[in-house]
Amino acid sequence: MKLSDVLTENRILINIHGKDKYDVLEKMVHAVKTSEKVKDVENLLKKVLEREKIKSTGIGGGIGIPHAQTSGVTDIIACLGVSESGVEFNSLDGKPVHLIFLIATRERTNNTYLGLLSRIARLFIDESFKQKIIQSTSPEEIINLIREKEKE
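Here's a quick rundown of the structure. Predicted model only: the values in this text are computed from it and were never measured. (Residues numbered from 1 in each chain as written. Predicted model: local features only at pLDDT ≥ 70, side-chain atom pairs only at ≥ 80, totals over all residues. Heavy atoms only, no water.)

1. Structural notes on the pairing of strand β5 (residues 77-87)
Here comes step 1: Of all eleven residues that make up β5, eight are buried, and the element is covered over most of its length.
Here comes step 2: Relative to β5, strand β1 (residues 12-14) runs parallel, the two being bridged by three bridges. The partner of Ile12 across the bridge, within β5, is Leu80.
Here comes step 3: Two elements, β5 and strand β6 (residues 97-105), share seven bridges in a ladder whose sense is antiparallel. Within β6, the position partnered with Leu80 by the bridge is Phe101. (Buried < 20%, exposed > 50% of the residue type's maximum accessible area, 1.4 Å probe, protein only. Helix = DSSP H or I, 4+ residues; strand = E, 2+ residues; numbered from the N terminus. Pairing = 2+ DSSP bridges.)

Structure below.
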């Protein structure tokens, strides 16, 4: 599965900010609520916040991948929040997060879910690619960059 298969322009939030990571996550969850794949936005938000309280999903390198498996969605869905200034995420490396990938799947879909997490990690290990995404000025530009990178 490609990231571009589950991420759409209307779920790419440029210059996202908030008072803390939980505020940013709430904004991201509410950005996906218009998708036909989201049937219970409050359940989705609850699951994402519960997961984040267990252990930070800030994996280091300026990337956070908050995620949840929930009955609140009918299929896999993704949202990308981009913050040039960074969001304090209690990351493994102690640094702010600039790219936040919210991933939600219905329950018991581990293979699809883990495959997408792995795909994101592989795509964004490239520092110059990461910087292009952070400095992009439109969701269209970002989705096009991701599609091109996925062809490599």
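2. Side note on the pattern of salt bridges
Here comes step 1: Enumeration over the complete set of coordinates arrives at eight salt bridges.
Here comes step 2: Here Lys27 ties to Asp23 by a salt bridge, and the two come within 4.0 Å at their closest N and O atoms. Of this pair, Lys27 and Asp23 both sit in helix α2 (residues 21-32), four residues apart, roughly one helical turn.
Here comes step 3: Its relative accessible area of 36% is what places Lys27 among the partly exposed residues.
Here comes step 4: Note that Glu152 is salt-bridged to Lys149, the shortest N-O span being 3.2 Å. (Salt bridge = Lys/Arg side-chain N within 4 Å of Asp/Glu carboxyl O.)

3. Describing the pairing of β6
Here comes step 1: With nine of nine residues buried, β6 lies mostly within the body of the structure.
Here comes step 2: Bridge count for strand β3 (residues 63-64) against β6 is two bridges, and the pairing is parallel. Counterpart to Gly64 in the pairing with β6 is Ile100.
Here comes step 3: Summarising the sheet, strand β4 (residues 67-69) and β6 pair through three bridges and their orientation is parallel. If you follow Gln69 over to β6, its bridge partner there is Thr105.

4. Here's the deal with the nonpolar core
Here comes step 1: Leu3, Leu80, Leu99, Phe101, Ile103, Phe124 and Ile133 are the most contacted members of the largest nonpolar core, which has 25 residues in total.
Here comes step 2: Within the residue set of this core, elements represented by two or more residues are α1 (3-6), β5, β6, α4 (110-123), α5 (127-134) and α6 (139-151).
Here comes step 3: Looking at this core, the element that brings in the most residues is α4, giving five residues.
Here comes step 4: Among the nonpolar cores identified, the runner-up in size contains 23 residues, and Ala31, Leu45, Val48 and Leu49 belong to it. (Core = buried A, V, L, I, M, F, W, Y, C linked by side-chain atoms within 4.5 Å.)

5. Concerning the environment of Lys27
Here comes step 1: The spatial distance from the C-alpha of Lys27 to the C-alpha of Ile16 is 8.4 Å, given a sequence separation of eleven residues.
Here comes step 2: Among residues more than four places away in sequence, those in contact with Lys27 are Leu13, Ile16, His17 and Gly18.
Here comes step 3: Among the polar contacts made by the side chain of Lys27, one reaches the main-chain carbonyl oxygen of His17 at a distance of 2.6 Å. (Contact = heavy atoms within 4.5 Å. Polar contact = N/O pair within 3.5 Å; in protein donor to acceptor, adjacent residues only side chain to side chain.)

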